[in-house]
Amino acid sequence: MIEPTPPPFVLPYTRVVAQEGLKKALEIAYVSPSVGGVLATGRRGTAKSTTVRAFARMVFGDLPVTLPIGATDDRVVGGWNIDKLLQGTSTWMPGLIEEAGGEGRTGVLYIDEINLLEDHLVNIILDAAATGILTVQRDGVSRRNVAVWFNLVGTMNPEEGGLRPQLLDRFGLVVWVDSAGSAGERAEILTTVLEFERLLTGPPDQLRAAYTADGQRRGRLDAARERVPAVVVPEKAATMAGAIAAEFSLEGHRGELAMLRAARAIAAIAGAAEVNAAHLAEAAPLTLVHRRGTSESGTLRRWSAEDDAIVARATSAAG
Amino acid sequence: MLRADTVTDRIAGTLTCAAFDHRLGGILLLDLRPDLIGGLASWLAATIGGPARIVTLGADDGDDTLWVTADAGLAPAPGRLAESPGTTLIAVIPDLARANLAVTRAATVLIGADGAVADRHGLHAAWRPRARWLAACPAADAERLSPHLLDRFAVRVAAADLGTPARTPAELVAALDGHTTGLLPALPDPAPLTGPPAVMTAEAATLVTTVVGGPAAPHRRDLALARAARAVAVSDRSATVEARHVHRAAELLGFRGTSTRPAAAPARPASPAHPAATGDDTATPPARPGDVEIRTPARPDTPPVPTSVLAPGPGPATAPRQPLYPEDSPDAMPDFAGLRVPWQRADGRRSTRGPIIGAEPSGRPVDIAYLATVLEAAKFRRVRHGAGAPLRIHVSDLRSNRRQPQPDAALVLLLDHTSRRDWDVTAALAPYLGWAYTRRAAVSLIEIGHRDADSELQAERRRLSGVLDPLLNAALDRAPARATPLAHGLDLAIQEMRLRRRNLPVRDGEAWLVVVTDARGNVPLEASQRNVMPRSVSRAGIDDALTVAAGVAGLRAVRTVVLAPPELSHYRDLPFALADAMAGMVARPDGAP
């Protein structure tokens, strides 16, 4: 078996330039895992994977458990250890879902290029993510009600086709990732990346120092995560969330629940004692962009200023 | 400092940069002679130094060879793309446009990634990708590739001119006996770059973004240019990356209109024998020493991309210049969802032809997926038969290949634009296009006699993704020209139909050749084949067309129809003669005289 040389030195999260939307979504999902998974969609070369891996390294100290293209279902849900089986011993080998979400695990399963994954594998994963239960019936093995708890993080390039609306709805947060706009920002990305690559070949203490800010950021997020249960969600906020959901004609309650959970995480990160309209307005694009009027093709409609106006109108009417 | 004057310089330079920095490991050589890529891979391996493993990937490689394989004890083992510390992997793709879907998907997720994992058949392998990917592709095919895939190959070189400009008679004679070394391009001796990476100044970083282009340019392109500039600076023994290094890197990577070159920089004149070798057709000499001037950015003036014409016979004397980044053109039409596993066809028939895209349980020993079957049986060998028992495969172990579905119907449409001057052919075509749509037929388009043609005397062939392909609409809007190389068009149509019948599981009676013409060919076949304007034509164009058309009658189980225009003012019998020669029929609009 080939293993990478630990630890994985990827660009420190705090040095990732721009990507504010994706960063916010990842932080919300970390502070309040019940909000559901994160899907980042954007064109090629917009540093989606880099940001996700940098975030995982910051908060978990390692790269996330990653589901690769070409994975077979025995590695996703688990299967016999074939090395042992060839020697006559039957040993169960947990799959990637358990590796990510089993007891004592990091709780993140990362799927790069999720729209290139075969549909039946996506279905298995989303079922487990939504129910928190993994059931395996294969190769003469019956494992029922294995508790798994993980947040799904997916990245995709919409040029290769979208995800079905049913799958989109399973993600708590969806974020558009755009290329850096200005020449100055692009130049800053270059100097940051190249400077980090130079550090990789330099003295180890300089490299370690590059992660100092990451440690501080993680500390703030951990503190926010502890604060979340104490953040009050006033009845007025729930009414506003309901009004926003009604304005967007959302079906079911998954959208407004995700919005409230995300707003509470935003409040916890900001150090606020209770959720207010501003937190809801910040949470709305991430939690509703994929739940309002998406076409059957799975093509997402971008969040617009008009959508922001609808949120503002609903919150002021309800408030 | 690395040179960038000739195509050989640029290829040697980019490979040297890639040897220095594995992050520059996605290199696409456009129009490279296919026999050269192996030698370039060896040269790259020698430049990197140390143990190297060169793997060639193509149409046959599926997930079961790339990610996981079986060792001598039948246990799963890492596949061809898994990397081991201390050994450099060089993945070679001789034709990216024809590589298996599994190969292109693997390239997309591995090139430039921080980490890689393989999880198949009970095996988990993880490694840090440091492989260099060397791919070649005809420039005309590149625009059909997924932009997502092309993005991974941020380093591009137009390699059509790579070859030996002067062949001596002695070398040619030696080549007859298999000694081809003298015909290979003379690359310099490998000279690896050494030294710490240079520091990029803010000025150089800004220059990189300016050279690469506007805000829509992918970041990987910025990074590729910046890293190449850093390697160039190392080759120049400079501690910092300066503007001249960025310019030289831009020349290596073929960014157009990058800059004038500082006069102080040593430079050889471009070889007059290879005007396309510089990859920079807008560069001009510096106005005065030290001038560093940014000219037109690369992206906004990217020239229109020629459509993917499979030109028959010898090409024009001067091949049209192809852009290095065809996916940037608004006219580029890549295959839709080209990296996704295709959806299953509705008729449910299993095919044993077509690229392998996976394995699935099967109760029948047909089209067996050997690795998956053997691994499945190996799992239970000891349990079923005891220690030391030979491997026995049960029916329940059988796995068969899952194959990419292929069309089982074909439409070859020959459009003679000169016959459509005042005739909207859409209504006449509708039944055939409707049939092709419902049958999901493979569609080929042969065009003759239009003003957009590269050569007026020759027919053009395009393979469409289906009848909804925008190229078909574009073809129906073309303006007619004067020449009608009908014989050449029919010759091409026959070739195309044969290829479709041979390469696809086309059912009998499910192949249509539809010829839209008034049968008034005016270009003899030989004139088309030589691409030389004939001195006199007389009836040669018509007679050649009728002679060639007789070949259609020999195509087995192909249905043929000539769609003739409603107004036939001259030579009214010609469409019927043509249809007779093809053993087909003529269809004309209702009420036509």
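Residues numbered from 1 in each chain as written. Chains lettered and ligands numbered in written order. Predicted model: local features only at pLDDT ≥ 70, side-chain atom pairs only at ≥ 80, totals over all residues. Heavy atoms only, no water.

Looking at an unreviewed UniProt entry, one finds chain B named Protoporphyrin IX magnesium-chelatase and attributed to Actinoplanes xinjiangensis.

In the nomenclature of an unreviewed UniProt entry, chain A corresponds to Protoporphyrin IX magnesium-chelatase from the organism Actinoplanes xinjiangensis.

> Got a minute to help me understand the overall build of chain A in this structure?
Looking only at helices and strands, chain A has 14 helices and 9 strands in total. With the C-alpha coordinates aligned to their principal axes, the bounding extent of chain A is approximately 70 × 50 × 40 Å. Counting the 319 residues in chain A, one finds 54% classified as buried. Counting 33 positive and 38 negative side-chain charges, chain A places the centres of these two groups 2 Å from one another. (Helix = DSSP H or I, 4+ residues; strand = E, 2+ residues; numbered from the N terminus. Buried < 20%, exposed > 50% of the residue type's maximum accessible area, 1.4 Å probe, protein only. Lys, Arg positive; Asp, Glu negative; His and termini not counted. Charge placed at Lys NZ, Arg CZ, Asp CG, Glu CD.)

> How should the pairing of strand β16 (residues 460-464) of chain B be read in this particular structure?
For a regular strand, side-chain orientation follows a simple rule: the groups alternate between the two sheet faces. Residues and elements named next belong to chain B. Within β16, 4 of the 5 residues are buried, which leaves it mostly tucked inside the rest of the structure. Two elements, strand β15 (residues 442-448) and β16, share 5 bridges in a ladder whose sense is antiparallel. Pairing of E447 across the sheet is with E460, part of β16. (Pairing = 2+ DSSP bridges.)

> Any chance you could explain the domain arrangement of chain A here in plain terms?
Residues and elements named next belong to chain A. The assigned domain composition of chain A is domain 1 (13-177) and domain 2 (231-318). In this structure, domain 1 and domain 2 have C-alpha centres spaced 25 Å apart. With 22 residues of domain 1 at the contact, the number on the domain 2 side is 23 residues. Here domain 1 packs against domain 2, burying approximately 1800 Å² in sum over the two surfaces, 65% of which is carbon and sulfur. Ranking the residues of domain 1 by area buried against domain 2 places D169, V174 and W176 at the top, with a combined share of 30%. At the junction of domain 1 with domain 2, the criterion picks out 1 salt bridge. Here domain 1 and domain 2 share 5 residue pairs in polar contact (both at pLDDT 80 or more) between them. Secondary-structure elements contributing two or more residues to the side of domain 1 that touches domain 2 are α1 (20-31), α7 (165-169) and β9 (173-177). (Domains from an automatic or database assignment. Contact = heavy atoms within 4.5 Å. Buried area = accessible area lost by both parts, 1.4 Å probe. Salt bridge = Lys/Arg side-chain N within 4 Å of Asp/Glu carboxyl O. Polar contact = N/O pair within 3.5 Å; in protein donor to acceptor, adjacent residues only side chain to side chain.)

> What is the right way to read helix α11 (residues 235-247) of chain A from this model?
Working note: α-helix, 3.6 residues per turn, so residues spaced by three or four point in the same direction. Residue and element names in this part refer to chain A. Taking 1.5 Å as the rise per residue, α11 with 13 residues should run 18 Å; its terminal C-alpha atoms sit 18 Å apart, in good agreement. All of the buried residues along α11 are A237, M240, A241, I244 and A245. Projection of α11 onto a plane perpendicular to its axis shows the buried side chains occupying an angular sector of 135 degrees, all on one side. Exposed residues on α11 whose side chains face more than 90 degrees from its buried face are E235 and A246. Those residues of α11 hidden inside the fold are in contact with α12 (254-270), α13 (277-288) and α14 (305-318). Looking one or two residues past α11, S249 carries a phi angle of roughly 55 degrees, positive in sign. (Expected span 1.5 Å × (residues − 1). Arc of directions from axis to C-beta.)

> How should the nonpolar core be read in this particular structure?
Considering soluble globular proteins, one finds that nonpolar side chains tend to be buried as a cluster. Residues W133 and L225 of chain B are the most contacted members of the largest nonpolar core, which totals 105 residues. It is helix α9 (residues 219-235) of chain B that provides the largest number of residues to this core, a total of 10 residues. Residues in contact with W133 of chain B, not counting those within four places in the same chain, are G25, G26, I27, L57, L81, A91, I93, A106, A107, L110, I111 and F153 of chain B. Membership of the second largest hydrophobic core comes to 94 residues, among which are A25, I114, V148 and L221 of chain A. (Core = buried A, V, L, I, M, F, W, Y, C linked by side-chain atoms within 4.5 Å.)

> When you look at the sheet that holds strand β1 (residues 38-42) of chain A in this model, what are you seeing that I'm missing?
Pairing between sheet strands relies on hydrogen bonds along the backbone, with the strands arranged either parallel or antiparallel. Residues and elements named next belong to chain A. The 5 strands are arranged β2-β5-β8-β1-β9 in an open sheet whose pairing can be described as parallel. In the strand order of this sheet, the two ends are held by β2 (65-67) and β9, each with one partner. Pairs of neighbouring strands in the sheet enclose a mean axial angle of 20 degrees, with direction left out of account. Taken together, the 3 bridges between β2 and strand β5 (residues 108-112) define a ladder with parallel strand orientation. Bridging across to β5, V65 finds its partner in L109. Strands β1, β8 (151-156) and β9 of the sheet are contacted by α1, whose axis makes an angle of about 160 degrees with β9. (Axes fitted to C-alpha atoms, helices over the stretch in contact; angles between N-to-C directions.)

> How do you make sense of the interface of chain A and chain B when you look at a structure like this?
By a widely used convention, the size of an interface equals the accessible area lost when the partners come together. Of the residues lining the interface, 55 residues belong to chain A; the matching set on chain B comes to 67 residues. Contact between chain A and chain B buries roughly 5400 Å² in total, counting both sides, with carbon and sulfur atoms accounting for 58%. In this structure, the salt-bridge partner of D119 of chain B is R75 of chain A, at a minimum N-O distance of 2.8 Å. Counting across the interface, chain A meets chain B through 13 residue pairs in polar contact (both at pLDDT 80 or more). For the side of chain A that touches chain B, the element with the most residues is helix α8 (residues 183-200) of chain A, which contributes 11 residues.

> So what exactly am I meant to see when it comes to the packing of helix α1 (residues 7-20) of chain B against helix α10 (residues 243-253) of chain B here?
For any two helices packed against each other, one specifies the inter-axial angle together with the distance between the axes. Residue and element names in this part refer to chain B. Closest axis-to-axis distance for the α1/α10 pair is 8 Å, and the angle between their directions is 115 degrees. Looking at the two axes, α1 sits roughly perpendicular to α10. Regarding α1 and α10, the two cross each other, and that crossing is left-handed. Where α1 approaches α10, its residues D9, R10, G13, T14 and C17 are matched on the opposing element by E251, L252 and L253. Grouping the constituent residues of the contact of α1 with α10 by class yields 3 nonpolar, 2 polar and 3 charged. (Parallel < 35°, antiparallel > 145°, perpendicular 65-115°, else oblique. Left-handed = near helix turned anticlockwise from the far one by under 90°. Nonpolar A, V, L, I, M, F, W, Y, C, P; charged D, E, K, R; others polar.)

> Mind showing me how you'd approach the pattern of salt bridges here?
When charged atoms on two side chains of opposite charge get close, those side chains can pair. Scanning the entire structure with this criterion turns up 47 salt bridges over all chains. Linking E197 of chain A and R23 of chain B is a salt bridge whose minimum nitrogen-to-oxygen distance equals 3.4 Å. Linking E197 of chain A in helix α8 with R23 of chain B in the loop between α1 and β1 (26-30), this pair reaches from one chain into another. Given a relative accessible area of 5%, E197 of chain A falls into the buried group. Judged by relative accessible area, which is 29%, R23 of chain B ranks as partly exposed. We note a salt bridge from R384 of chain B to D397 of chain B, for which the minimum N-O separation is 2.8 Å. Pair noted here: R384 of chain B is in helix α11 (residues 370-385) and D397 of chain B is in the loop between α11 and β13 (399-403), with a separation of 13 residues, a long-range link. Its relative accessible area of 29% is what places R384 of chain B among the partly exposed residues.

> Looking at this structure, I do not really get the sheet that holds β1 of chain B. What am I missing?
All names here are of chain B. On the basis of which strands lie adjacent, the open sheet formed by 5 strands has the order β2-β5-β8-β1-β9 and parallel pairing. Edge positions in the sheet fall to β2 (52-56) and β9 (155-158), since each of these pairs with one other strand and no more. Across this sheet, the average inter-strand angle for adjacent strands is 15 degrees, counted without regard to direction. With 5 bridges joining them, β1 and strand β8 (residues 132-137) adopt parallel strand pairing. In the sheet register, G26 faces β8, and the bridge partner there is W133. Along the sheet, α1 contacts β1, β8 and β9; its crossing angle with β9, the most-contacted strand, is approximately 160 degrees.

> It is not clear to me how the packing of aromatic side chains should be interpreted in this structure. Could you clarify?
Here the distance between the centres and the angle between the planes together describe a pair of aromatic rings. Residue and element names in this part refer to chain A. Taken as a whole, this structure holds 9 aromatic pairs over all chains when the rule is applied. An angle of 90 degrees between the planes, with centres 6.3 Å apart, marks the rings of F196 and Y211 as edge-to-face. Taken as a pair, F196 in helix α8 and Y211 in the loop between α9 (204-209) and α10 (212-227) lie far apart in primary sequence, 15 residues in all. For the ring pair F248 and W303, a centre distance of 5.5 Å and an interplane angle of 40 degrees mean the geometry is tilted. Linking F248 in the loop between α11 and α12 with W303 in the loop between α13 and α14, this pair joins segments that are 55 residues apart in sequence. For W303, a relative accessible area of 18% puts it in the buried group. Connected via pairs of aromatic rings, a cluster forms that spans Y13, Y30, F55 and F60. Directly above the aromatic system of Y13 lies the positively charged group of K23, at a separation of 5.7 Å from the ring centroid. Sitting above the plane of the Y211 ring, R57 keeps its charged end 4.0 Å from the centroid. (Phe/Tyr/Trp six-rings, centres within 6.5 Å; stacked < 30°, edge-to-face > 60°. Lys NZ or Arg CZ within 6 Å of the ring centre and 35° of its normal.)

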